[in-house]
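Summary of the model geometry
Residue strings, one per chain:
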Amino acid sequence: RPCRDRGGSRRRGCCGRAIRALATLLPATKLHGTDIDSEAIEWLRHNYASKGEFTVAPSLPPAPYRDAMFDFVFGISVFTHLPEDMQFAWLAELARILKPGAYAVLTTHGAGFHNSLDAKAAEQLKERGFYYGQFGSNYGRSISLPDFYQTAFHSHDYIRSRWNEFLEVLAIEPLG
């Protein structure tokens with residue numbers, strides 16, 4: 001997704017910031033990065049090849065990883081953009097690729113973002129614990145990603161009940 005580096009120029013591959021930090025903290029660890037944005041992955045392959053392996057993720061599982069491959073998965077702004085059926089497919093896929101006892105840290109839009117919803121969307125979030133929508137424009141298309149890539153909101157109760165069907169939810173940390 002587009003972002004600006006310290007010099008103010010526009011580039012892709014924001015997850016590179018996490019890869020760079022993790023590679024510094026854990027130099028002996030083999031890191032992998034994946035994103036649906038092929039331009040972001042190409043940028044990472046070109047600029048951070050020494051820090052990890054990078055692959056373009058498919059829109060739907062399976063991912064190109066073997067069963068029980070990872071000790072840790074860090075998902076930045078993935079579930080904030082998926083419709084519910086895709087969300088469940090990817091949670092099941094994470095359960096497949098994580099080793100027993102492994103951890104996943106996954107981000108969502110917190111309660112501070114819920115006030116950006118209109119009354120109808122806020123009511124759906126309150127009733128179902130989940131809301132997914134376009135907010136007047138096709139966000140995915142506007143940043144050269146697939147049409148399904150919109151905006152999703154989750155309540156903590158929803159995460160505890162629905163995500164727990166796939167992974168054990170140990171904690172929810174606001175602004176974590």
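Preceding this paragraph is the structure being described.
About the thresholds
- Residues numbered from 1 in each chain as written.
- Predicted model: local features only at pLDDT ≥ 70, side-chain atom pairs only at ≥ 80, totals over all residues.
- Heavy atoms only, no water.
- Helix = DSSP H or I, 4+ residues; strand = E, 2+ residues; numbered from the N terminus.
- Buried < 20%, exposed > 50% of the residue type's maximum accessible area, 1.4 Å probe, protein only.
- Contact = heavy atoms within 4.5 Å.
- Areas by Shrake-Rupley, 256 points an atom, 1.4 Å probe, with all protein chains shown as cover.
- Pairing = 2+ DSSP bridges.
- Right-handed = clockwise from strand over helix to strand, strands pointing away.
- Core = buried A, V, L, I, M, F, W, Y, C linked by side-chain atoms within 4.5 Å.

**Let's talk about the overall build of the protein chain**
- When helices and strands are tallied, the protein chain shows seven helices and eight strands.
- Here the protein chain, with 176 residues, has 37% of them falling under the buried criterion.
- Once local pairs closer than 6 in sequence are excluded, the contacts in the protein chain between residues at least 24 apart make up 60%.
- Split by element, the accessible area of the protein chain, about 10,400 Å² in all, is 54% carbon and sulfur.

**Thoughts on the pairing of strand β5 (residues 70-75)**
- Bridge analysis of β5 against strand β6 (residues 98-106) gives five bridges, and the strand direction is parallel. Bridged to V73 within β6 is A104.
- Handedness of the β-α-β unit built from β5, helix α3 (residues 84-97) and β6 comes out right-handed.

**Observations regarding the nonpolar core**
- Of all hydrophobic cores here, the largest spans 22 residues; its most connected members are F70, F79 and L94.
- Taken together, the elements giving at least two residues each to this core come down to β5, α3 and α7 (156-162).
- Per-element tally for this core: the top contributor is α3, with six residues.
- Apart from the residues within four sequence positions on either side, L94 is in contact with V73, F79, L106 and L167.
- Core analysis: the second largest hydrophobic core is formed by seven residues, I41, L44, Y48 and F54 among them.

Just geometry here; none of it tells us what the structure is for.
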